[in-house]
Amino acid sequence: MKDFKYCIWLCPDSNHPWNFFTNRFIPHLSIKTNLDYHTAIQLYTKINNPILEVELDKLMCDEEEDFHSMFFTVKEPSDKPDWYPKNPHISFLYKYNQQINPYEVHHLYSYMKYKKGLLKNLCMVKCSGHYTKWKVLFTKPISN
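So, here is what we can say about the structure in this document. Keep in mind that what you see is a predicted model, and the values were worked out from it rather than measured.

The rules behind the values
- Residues numbered from 1 in each chain as written.
- Predicted model: local features only at pLDDT ≥ 70, side-chain atom pairs only at ≥ 80, totals over all residues.
- Heavy atoms only, no water.
- 1 Å grid on protein atoms, 1.4 Å probe; cavity = no way out; pocket = protein on both sides within 12 Å on 5 of 7 lines; lining within 4 Å.
- Points joined across faces, edges and corners; volume = space filled by probe spheres on them.
- Helix = DSSP H or I, 4+ residues; strand = E, 2+ residues; numbered from the N terminus.
- Salt bridge = Lys/Arg side-chain N within 4 Å of Asp/Glu carboxyl O.
- Buried < 20%, exposed > 50% of the residue type's maximum accessible area, 1.4 Å probe, protein only.
- Phe/Tyr/Trp six-rings, centres within 6.5 Å; stacked < 30°, edge-to-face > 60°.
- Contact = heavy atoms within 4.5 Å.

1. Remarks on the layout of surface pockets
Quantified by volume, the largest pocket comes out at close to 510 Å³. Around the largest pocket, the lining is made up of 24 residues, and of these Phe4, Ser30, Thr33, Asn87 and His89 lie nearest the centre. Of all the elements in the fold, those that place two or more residues in the lining of the largest pocket are β1 (5-11), β2 (29-35), β3 (52-64), β4 (67-74) and β5 (89-96). Element by element, the count of residues in the lining of the largest pocket is highest for β2, at five residues.

Structure follows, in structure tokens:
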């Protein structure tokens with residue numbers, strides 16, 4: 001099982017429609033993944049006021065080891081913060097040992113009507129084991 005270790009995510013509010021398109025995880029833009037605890041804490045505390053409006057772009061699927069994901073790439077904002085990641089995307093579907101099928105791709109592509117979102121919850125997440133067991137350790141909700 002793929003271990004992403006400690007990750008720093010930027011997420012929408014819990015009432016954003018994207019939350020209804022995932023299979024039991026928080027939709028998120030990964031700022032940094034595969035961190036040890038100490039490095040994750042340093043990065044998490046360093047990022048201040050991380051409000052970011054994003055727009056979904058292309059629907060993609062990926063496979064790494066036994067981990068399969070479906071996500072939308074994100075259009076590059078005009079004013080990128082210094083912590084902005086390379087190849088940003090918002091994940092919507094995870095599976096283990098099974099490819100993502102054409103029906104799942106068609107469903108997300110056809111029903112995703114909300115192409116823009118405001119990400120303003122910075123999270124530090126322990127992403128080890130099955131994705132349904134990943135734990136949000138810290139959250140900084142930012143009010144605009």
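2. Digging into the pattern of salt bridges
Side chains that differ in charge, positive against negative, can pair when their charged atoms come close. Under the definition given, this model contains five salt bridges. Of the charged contacts in the structure, one is a salt bridge between Lys75 and Glu55, with a shortest N-O distance of 3.3 Å. Residue Lys75 is located in the loop between β4 and β5, and its partner Glu55 is located in strand β3; the two are separated by 20 residues in the primary sequence. What makes Glu55 partly exposed here is its relative accessible area of 27%.

3. Brief notes about the packing of aromatic side chains
This structure, assessed with the given rule, holds 16 aromatic pairs. Ring centres of Trp18 and Phe92 lie 6.1 Å apart, and the angle between their planes is 90 degrees; on these two criteria the pair is classed as edge-to-face. In this pair, Trp18 is assigned in the loop between β1 and β2 and Phe92 in strand β5, connecting sequence segments 74 residues apart. An identical accessibility class is assigned to Trp18 and Phe92; each is buried.

4. Observations concerning unusual backbone geometry
Backbone geometry follows two general trends: most residues other than glycine have a negative phi, and most peptide bonds adopt the trans configuration. The phi angle at Asn87 is positive, at roughly 50 degrees, despite the residue not being glycine. By secondary structure assignment, the location of Asn87 is in the loop between β4 and β5. Under the relative-accessibility criterion, Asn87 is labelled exposed at 69%. You will see that Asn97, though not glycine, has its phi angle at about 55 degrees, which is positive. Inspection of the secondary structure puts Asn97 in the loop between β5 and α2 (102-111). Residue Asn97 is classed as exposed on the basis of its relative accessible area of 61%.

5. Concerning the side chain of His68
Here His68 is to be found in strand β4. Owing to a relative accessible area of 5%, His68 belongs among the buried residues under this scheme. Once residues lying within four places of it in the same chain are set aside, the contact partners of His68 are Asp62, Glu63, Leu93, Tyr94, Lys95, Asn97, Gln98, Gln99 and Ile100.

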